Amino acid sequence: MNSDNLKYVLRQSVERTLPASRPREIVLPTGTGKVVGLAGVRRSGKTFLFFDTIRRLTVQGVDRRCIIYLNFEDDRLNPIRAEELDLVLRCLRELYPEAGSHRVYMFLDEVQNAPGWERWVRRIQDTEDVEIYVTGSSSQLLTRDLATALRGRSITLEIFPLSFRETLSFRGIEILPYNAENESLLRKELETYLAWGGFPEIILADEPLRPLILEEYAALMFYRDVVERYSVRNEKLMRELLRHVFRHTAGLLNVSKLHRDFRSLGFAISKNTLFDYLGYLEDAFLIFSLPIQEQSLRKQAHNPRKLHVIDPGLVAAFKANPGRDVGRKLETAVFLEMRRTRKDLFYYINGSEVDLCDGEGTFFINTCWSLAEAETQQRESRAMTFGHTRWPEANGCLLFHEYTPGINQEIPGAEPAWRFLAEKK
């Protein structure tokens, strides 16, 4: 890392006008005395949370010369060696000597590109008057590396693409109780959300550009966050695996069957390699896998896992028609809404299926696109009865999209999906 280049980057960081950002539900804590790490998929809004925090600090009176923002994907900073990271504070104080007598706020974006960053962060956290914020697009990077290096002196927050509720806020759409016209609008907005997802840039883009942007995201995540990061040798297989999981969101994944399917297609692959590749996708925040809700770990291990992708809109990058499989994408949107605040999530199947539940039997959720058909109503009613029988104290709900008069009386716990997703939990 060249010190002259670094000084150009630092001066630009201090003097630039911060890009406009819209408020989100998550607000980064300040003054905690801990390193704050943001982990999440690429393009989910981590950088703009940094800018929003920088803006709040300046409003509170912090001198911009005491605020560092560095993106370690900036080509002017590469290549970076661990011993060169000390140049950051040294160059800042050479540019702005007055910063040496004040607390410095450091915002380090995509920090995984700086080798040895975790040891350096720990040392300056111990020896300097600094507040440090870091982002990364790897779950292990921040949950494992920060926790190991800082030993309880860090906070890690997961950042997801926009929820349906945040999407409505971005688009300036209000929720008006007992207003039929507003409810129709919200149902339509949910259909749009399931088609294109919640990446902030997508929400604000013109519709003809959305598929192009999503394809660019998919390619970037595939190469930068999976193939390059994990030195994947069988790129063709990884691409097919990624396509498979995004085309089967909210579906059960049987690794043994998938292994046989790939071998029948001519891929020479071991089952262990397949497990590794799925782990890479999960570590990059591209997929989540839910175990079955069983007390026995052996039963959990021997049952398929249920897959959910990070954003329903990304499915459009792998399918020609973004309106396909809306029922599965609705189930994924409900999962993501719950996953934002808790990790103890499971599915259950034993004759009847429960789409989502916790480990303590306090709630369960089923989703269904349409309850217009009598046969579908009967099936979903049986599933709700099954859930209440298995977890008598649970709060159970059935989320549906297409309007069905009187369904709330027919199936207790039935609720429009838009209302569930739009309400603050």
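Everything below is about the structure shown above.
Sequence order as written defines residue numbering, which begins from 1 separately in each chain. It should be noted that, the model being predicted, local features are given only for residues of pLDDT at least 70 and side-chain atom pairs only at 80 or more, the latter also being counted only at that level, while totals for whole chains, interfaces and linings use all residues. The side-chain quantities take in all heavy atoms of the structure and omit both hydrogens and water.

Engineer: I keep staring at the nonpolar core and nothing clicks. Help me out?
Structural biologist: Among soluble globular proteins, nonpolar side chains are generally buried collectively. Think of a nonpolar core as a cluster: buried Ala, Val, Leu, Ile, Met, Phe, Trp, Tyr and Cys residues, connected wherever their side-chain atoms sit within 4.5 Å. Under the scheme applied here, a residue whose accessible area is under 20% of the maximum for its type counts as buried, over 50% as exposed, and between as partly exposed, the area being computed with a 1.4 Å probe on protein chains only. Of all hydrophobic cores here, the largest spans 88 residues; its most connected members are Leu190, Leu241, Val245, Phe246, Leu281, Leu286 and Ile365. Numbering of helices and strands runs from the N terminus; a helix is a DSSP stretch of H or I covering at least four residues, while a strand is a stretch of E covering at least two. The element best represented in this core is helix α9 (residues 210–228), accounting for eight residues. Setting aside residues no more than four positions away along its own chain, leucine 190 makes contact with Phe164, Leu330, His401, Ala417, Trp418 and Leu421. If you look at the next biggest cluster of nonpolar residues, it comprises 35 residues, including Val9, Val104, Ile132 and Leu146. By definition in these notes, contact holds between two residues if any of their heavy atoms fall within 4.5 Å.

Engineer: Can you walk me through the side chain of arginine 42 in this structure?
Structural biologist: Relative to the elements of secondary structure, arginine 42 occurs in the loop between β1 (35–40) and α2 (46–59). Contacts described as polar in this section are N or O atom pairs within 3.5 Å, which, within protein, must combine one atom able to donate a hydrogen with one able to accept it, while residues neighboring in sequence count only if both atoms come from side chains. Engagement of the side chain of arginine 42 in a polar contact is seen with the side chain of aspartate 225, the distance being 2.6 Å.

Engineer: I keep staring at unusual backbone geometry and nothing clicks. Help me out?
Structural biologist: Of all residues except glycine, most have a negative phi; of all peptide bonds, most are trans. Residue asparagine 78 is joined to proline 79 through a cis peptide bond whose omega torsion reads -5°. By the element assignment, proline 79 lies in the loop between β2 (67–71) and α3 (87–95).

Engineer: Is there a simple way to think about the side chain of histidine 308 in this case?
Structural biologist: When you line up the elements, histidine 308 lands in strand β8 (residues 305–309). A polar atom in the side chain of histidine 308 sits 2.9 Å from the side chain of threonine 332. The residues contacting histidine 308, other than those within four sequence positions of it, are Thr249, Ala250, Leu286, Ile287, Phe288, Leu290, Glu331, Thr332 and Phe335.

Engineer: How should I be thinking about the sheet that holds strand β6 (residues 252–253) in this particular structure?
Structural biologist: Either a parallel or an antiparallel arrangement is found when strands of a sheet pair, and the pairing is made through backbone hydrogen bonds. Paired strands are those between which DSSP finds at least two bridges. Ordered by their spatial adjacency, three strands build an open sheet running β6-β8-β7, and the pairing between neighbours is antiparallel. Across the chains shown, the open sheet's two edge strands, defined by having one partner strand only, are β6 and β7 (287–290). For β6 and β8, the ladder comprises two bridges, and the chain directions are antiparallel. Pairing of leucine 253 across the sheet is with arginine 305, part of β8.

Engineer: Whenever I open this one, the pattern of salt bridges confuses me. Can you help?
Structural biologist: By definition here, a salt bridge exists when the distance from a side-chain nitrogen of Lys or Arg to a carboxyl oxygen of Asp or Glu is within 4 Å. Considering all chains together, one arrives at 35 salt bridges under this definition. Residue arginine 65 pairs with aspartate 63 through a salt bridge whose shortest N-O separation is 2.6 Å. A residue is classified by how much of its surface remains accessible, and arginine 65, at 31% relative accessible area, is partly exposed. We classify aspartate 63 as partly exposed; its relative accessible area is 29%. Residues participating in the shared-partner salt-bridge network are Arg42, Glu73, Arg224, Asp225, Glu228 and Arg229.

Engineer: Help me understand the packing of helix α7 (residues 180–196) against helix α14 (residues 326–339) in this model?
Structural biologist: For any two helices packed against each other, the geometry is given by the interaxial angle and the distance between the axes. In this description, a line fitted to the C-alpha atoms serves as the axis of each element, helices being fitted only across the stretch in contact, and the angle between N-to-C directions of two axes falls anywhere from 0 to 180 degrees. Where α7 contacts α14, the axes come no closer than 10 Å and their chain directions differ by 90°. One finds that α7 runs roughly perpendicular with respect to α14. Together, Leu190, Tyr193, Leu194 and Ala195 of α7 and Val326, Lys329, Leu330 and Ala333 of α14 make up the contact between the two elements. Residues are grouped as follows: nonpolar covers Ala, Val, Leu, Ile, Met, Phe, Trp, Tyr, Cys and Pro; charged covers Asp, Glu, Lys and Arg; every other residue, Gly included, is treated as polar. Classifying every residue of the contact of α7 with α14 gives seven nonpolar, no polar and one charged. Our angle categories are set so that under 35 degrees counts as roughly parallel, over 145 as roughly antiparallel, 65 to 115 as roughly perpendicular, and the remainder as oblique.

Engineer: In this structure, what is going on with the packing of helix α1 (residues 3–15) against α3? I would like to understand it.
Structural biologist: Taken N-terminus to C-terminus, the directions of α1 and α3 make an angle of 65°; their axes are 10 Å apart at the nearest point. Between α1 and α3, the interaxial angle falls into the category roughly perpendicular. The two elements α1 and α3 cross, and the hand of that crossing is right-handed. Within the contact between the two elements, α1 uses Ser3, Leu6, Lys7, Leu10 and Arg11 and α3 uses Leu87, Val88, Cys91, Leu92, Glu94 and Leu95. Split into classes, the residues belonging to the contact of α1 with α3 amount to seven nonpolar, one polar and three charged. Left-handed describes a crossing in which the near helix is turned anticlockwise from the far one by less than a right angle; the clockwise case is right-handed.

Engineer: Please clarify how the sheet that holds strand β4 (residues 130–136) should be interpreted in this entry.
Structural biologist: Strand order across the open sheet formed by five strands is β2-β3-β4-β1-β5, with parallel pairing between neighbours. Because the sheet does not close on itself, it has two edges, and the strands there are β2 and β5 (154–159). Within this sheet the neighbouring strands show an average axis-to-axis angle of 15°, counted without direction. The sheet contacts of α2 involve β1, β2, β3 (104–109), β4 and β5, and relative to β3 the element is tilted by about 170°.

It is worth stressing that arrangement in space is one thing and function is another; only the former is reported here.
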